[in-house]
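Close look at the chain arrangement
What follows is the residue order along each chain.
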Amino acid sequence: MSAREPGTPLVRNAAQLVAEANARIDTVPLDEARSLLEDPAWLFVDVRDPRELAKLGTVPGSFRAPRGMLEFWVDPESPYYRPALDDGRKLLLFCGSGWRSALAAAALRDMGRDDVAHLEGGFSAWTAAGLPTEEMH
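Here the structure is a predicted model, which is why all the values come from computation and not from measurement.

**Remarks on the pattern of salt bridges**
Per the counting criterion, the structure on display carries 12 salt bridges. The partner of Glu38 in a salt bridge is Arg34, and the shortest N-O contact between them spans 3.4 Å. Residue Glu38 is classed as exposed on the basis of its relative accessible area of 61%. In this structure, Asp86 and Arg113 form a salt bridge, with 3.8 Å as the shortest nitrogen-oxygen distance.

Written out as structure tokens, the structure reads:
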């Protein structure tokens, strides 16, 4: 294995990983997502960093699950398991722009969760469309 020179392109860059994830997950457009906000069969899951939540707010009623903990929180065999993420509802993941949520949705699919989708355009698109938000306290 040869050493990679710092600053040279990676074999698979972040954009490629996101594109590969998007090709195999469900993406929910904003207009459909807005109607799912009232649907008890769906749980919106905000995977953004707590600092983003504090600064920008979130989708009303969403569950907060930092991207770095999500796989542990959905796994019943993990000591970090959160039953709220495994209660029979479908999960609609979102982040700032849809990149992290695409990767997260793909990871959950790989773990066996076929009831996961992500929000097209993320929270940025949600707010740009004037859809409801709530501040974090």
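**With respect to the pairing of strand β5 (residues 116-119)**
Two elements, strand β1 (residues 26-28) and β5, share three bridges in a ladder whose sense is parallel. Its bridge partner lying in β5, Val28 is registered against Leu119. Following the backbone out of strand β4 (residues 90-94), through helix α5 (residues 99-110) and into the adjacent parallel β5, one traces a crossover that is right-handed.

**Quick word on the sheet that holds strand β3 (residues 63-64)**
Spatially, the five strands line up as an open sheet ordered β1-β5-β4-β2-β3, and their pairing is parallel. A strand with exactly one partner marks an edge of an open sheet, and here the two such strands are β1 and β3. Across two bridges, the pairing between strand β2 (residues 42-46) and β3 is parallel. Within β3, the residue paired with Val45 across the bridge is Phe63. Contacts from α5 reach β1, β4 and β5, with the element oriented near 175° to β5.

The rules behind the values
Residues numbered from 1 in each chain as written. Predicted model: local features only at pLDDT ≥ 70, side-chain atom pairs only at ≥ 80, totals over all residues. Heavy atoms only, no water. Salt bridge = Lys/Arg side-chain N within 4 Å of Asp/Glu carboxyl O. Buried < 20%, exposed > 50% of the residue type's maximum accessible area, 1.4 Å probe, protein only. Pairing = 2+ DSSP bridges. Helix = DSSP H or I, 4+ residues; strand = E, 2+ residues; numbered from the N terminus. Right-handed = clockwise from strand over helix to strand, strands pointing away. Contact = heavy atoms within 4.5 Å. Axes fitted to C-alpha atoms, helices over the stretch in contact; angles between N-to-C directions.

Any functional reading would require information that these geometric values do not contain.
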